[in-house]
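Residues per chain are reported as follows:
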Amino acid sequence: MFSYKDIGLVNTKDMFAKAMAGHYAIPAYNFNNMEQMQAIIQACVETKSPVILQVSKGARAYADKFILRNMARGAVEYAHELGADIPIVLHLDHGPSFEVAKDCIDNGFSSVMIDGSSLPFEENIALAKKVVEYAHQFDVTVEAELGVLAGVEDEVCAAESHYTKPEEVIEFATRTGCDSLAISIGTSHGAHKFTPEQCTLVNGVLVPPPLAFDVLAEIEKKLPGFPIVLHGSSSVPMDEVNTINEFGGKLEAAIGIPEEQLRKASKSAVCKINIDSDSRLAMTAAIRKHLAEHPGDFDPRQYLKPARENMKKMYIHKIVNVLGSDGKLAK
Ligand code: G3H
Ligand code: 13P
Ligand code: ZN
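Here goes a summary of the coordinates provided. Here the structure is a predicted model, which is why all the values come from computation and not from measurement.

## Let's talk about the site of ligand 2
Within the structure, ligand 2 sits among 16 residues, and Asp93, Lys193, Ser234, Asp276 and Ser277 are positioned closest to it. The side chain of Asp93 places a nitrogen or oxygen atom 2.7 Å from an oxygen atom of ligand 2. At a separation of 2.7 Å, an oxygen atom of ligand 2 approaches a polar backbone atom of Ser277. Taking 310 Å² as the accessible area of ligand 2 by itself, protein coverage stands at 96%. Contributions of two or more residues to the shell around ligand 2 are made by β3 (88-95) and β12 (270-275). Residues of the shell around ligand 2, tallied by class, amount to one nonpolar, 12 polar and three charged.

## Quick word on the side chain of Gln261
Within the secondary structure, Gln261 is located in helix α10 (residues 259-266). Setting aside its immediate chain neighbours within four residues, Gln261 contacts Pro210, Leu211 and Phe213.

## Some words on the nonpolar core
With 98 residues, the main nonpolar core has Phe31, Ile41, Ile86, Ile88, Val112, Leu181 and Leu230 as its most contacted residues. Looking at this core element by element, the count peaks at eight residues for helix α12 (residues 300-323). Grouped together as the second largest cluster of nonpolar side chains are seven residues, Ala191, Val236, Val241 and Leu281 included.

## A closer look at the coordination of the zinc ion (ligand 3)
Donor atoms from the polypeptide that coordinate the zinc ion (ligand 3) comprise His94 (NE2), His189 (NE2) and His231 (ND1), at 2.1 Å from the metal. Donor residues binding the zinc ion (ligand 3) come from one chain and are separated in sequence as H-x94-H-x41-H. Here His94 is found in strand β3, whereas its partner His231 is found in the loop between β11 (228-230) and α9 (238-246), with 137 residues between them in sequence. Here His94 matches His231 in class, with each residue buried.

## Description of the side chain of Ser184
Tracing the backbone through its elements, the reader meets Ser184 in the loop between β8 (180-183) and β9 (200-202). A relative accessible area of 0% means that Ser184 is categorised as buried. Within the structure, the side chain of Ser184 is placed 3.2 Å from the backbone oxygen of His162, a separation counted as a polar contact. With residues near it in sequence (within four places) discarded, Ser184 still touches Leu146, Gly147, Val148, Leu149, Ser161, His162, Tyr163 and Thr164.

## As for a nonpolar patch on the surface
Taken together, the side chains of Val202, Val205 and Val207 define a hydrophobic patch exposed on the protein surface, amounting to about 210 Å² of accessible area. Here Val202 is to be found in strand β9.

## Comments concerning the pairing of strand β5 (residues 141-146)
Counted residue by residue, β5 has six buried out of six residues, so it is predominantly covered. Bridge count between strand β4 (residues 111-114) and β5: four bridges; the pairing is parallel. In the sheet register, Ser111 faces β5, and the bridge partner there is Thr141. In the classification by handedness, the crossover that spans β4, the intervening helix α6 (residues 121-136) and the parallel β5 is right-handed. Both β5 and β8 contribute to a ladder of four bridges, which runs parallel. Note that in β8 the partner of Leu146 across the bridge is Ile183.

## Some points on the sheet that holds β3
Each strand in a sheet pairs with its neighbour through backbone hydrogen bonds, running either in the same direction (parallel) or in the opposite one (antiparallel). Strand order in this closed barrel of eight strands is β1-β2-β3-β4-β5-β8-β11-β12, and the pairing throughout is parallel. Averaged over all pairs of adjacent strands, the angle between strand axes in this sheet comes to 25°, irrespective of strand direction. Looking at chain direction, β3 and β4 are connected through three bridges and run parallel. Of the residues in β4, the one forming a bridge with Leu92 is Val112. Against the sheet, helix α1 (residues 13-22) makes contact with β1 (26-30), β2 (51-56), β3, β5, β8 and β12, and its axis sits at roughly 110° relative to β12, the strand it touches most. Across the face of the sheet, helix α4 (residues 65-82) comes into contact with β2 and β3 while running at roughly 150° to β3.

## What to know about the pattern of salt bridges
Scanning the entire structure with this criterion turns up 16 salt bridges. With its nearest N and O atoms 2.9 Å apart, the salt bridge here joins Asp103 to Arg60. You can see Asp103 sitting in helix α5 (residues 98-105) and its partner Arg60 sitting in helix α3 (residues 57-63), a full 43 residues away along the chain. Of the residues examined, Arg60 reaches a relative accessible area of 12% and is grouped as buried. Of the charged contacts in the structure, one is a salt bridge between Lys272 and Glu143, with a shortest N-O distance of 2.7 Å.

## A closer look at the pairing of β1
Within β1, five of the five residues are buried, which leaves it mostly tucked inside the rest of the structure. Both faces of β1 are covered, namely the face carrying Ile26, Ala28 and Asn30 and the face carrying Pro27 and Tyr29. Sheet topology note: the β1/β12 ladder contains four bridges and is parallel. By the bridge assignment, Tyr29 is partnered in β12 with Ile275.

The rules behind the values
- Residues numbered from 1 in each chain as written.
- Chains lettered and ligands numbered in written order.
- Predicted model: local features only at pLDDT ≥ 70, side-chain atom pairs only at ≥ 80, totals over all residues.
- Heavy atoms only, no water.
- Near = heavy atom within 4 Å.
- Polar contact = N/O pair within 3.5 Å; in protein donor to acceptor, adjacent residues only side chain to side chain.
- Areas by Shrake-Rupley, 256 points an atom, 1.4 Å probe, with all protein chains shown as cover.
- Helix = DSSP H or I, 4+ residues; strand = E, 2+ residues; numbered from the N terminus.
- Nonpolar A, V, L, I, M, F, W, Y, C, P; charged D, E, K, R; others polar.
- Contact = heavy atoms within 4.5 Å.
- Core = buried A, V, L, I, M, F, W, Y, C linked by side-chain atoms within 4.5 Å.
- Buried < 20%, exposed > 50% of the residue type's maximum accessible area, 1.4 Å probe, protein only.
- Donors = N, O, S within 2.8 Å, 3.2 Å for Na, K, Ca; no water.
- Patch = residues over 30% accessible without salt bridge, like charges linked within 9 Å, V, L, I, M, F, W, Y side chains within 5 Å.
- Salt bridge = Lys/Arg side-chain N within 4 Å of Asp/Glu carboxyl O.
- Pairing = 2+ DSSP bridges.
- Right-handed = clockwise from strand over helix to strand, strands pointing away.
- Axes fitted to C-alpha atoms, helices over the stretch in contact; angles between N-to-C directions.

Given below as structure tokens:
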């Protein structure tokens, strides 16, 4: 057993209580490599924001679970070196099974998600409850999900989303004992969240349908003070998409969640907002631009440095202008 407490990480309990009381949301940024981790920590230290570093099953397969755990340990020390003791959570994103969640709990994660959202209600409850019973013995917090998001969720692919049913949330939260609940209110994974046909053209800009704030409000009414999580919350900035396409990429009809919608959600019971695709776009745009403008460069540091800078800029922008978690440093 390797406890997260031994490497200076924290669970989500305190973080979410403060976010709920302060009407802001914690950034949950996915990472797969050193440059993403460095950019996240630099951004959070500069803005004095708490942060959730999250790792998907795919990230564990790509980078190796021990390397990622040691990178999280490095992230804590790196933050100290940069001069701020920011609270850092290491979270399993879209945990696919009890076994994977247990492996993370046994190996230094301070929080896990168990994603039974594609299962029937009773099976989702049984799986989440089993993970909660194990996790809570070690003070590890658990996120469970009710409702289905469209798009790819770490090898599970749903064509359509199904909003969370507010009438189910009390029973789900009570019977599972989960610490936070991911819900479906119109966000989805990836860079193609809406088709142009689903959007309305306003002043030359395609505006996607709004999130189901009425469903969110009903859920909040049923579970007052309970931390809610939004997955699939990248905004897919047009300038990054345009840069990618200008320098040889081919991203068509990439549309995300408008930032005003996420700003509004951050002020509600939504305490955690998941962003991965925007980091991928920022990294790819900077690398494509750099290589196109400097065709002779072949040292990875030459193109990964601007990529890291561009991701950092994006992470800071989200914290300050969307989530409102800047300056909320107290552990
Ligand atoms: O929700 C999915 C996250 O963006 C992680 O994606 O499974 O490709 O690492 P991934
Ligand atoms: P995006 O694809 O919108 O960045 O969502 C990421 C996510 O939900 C990770 O769990
Ligand atoms: Zn997700």
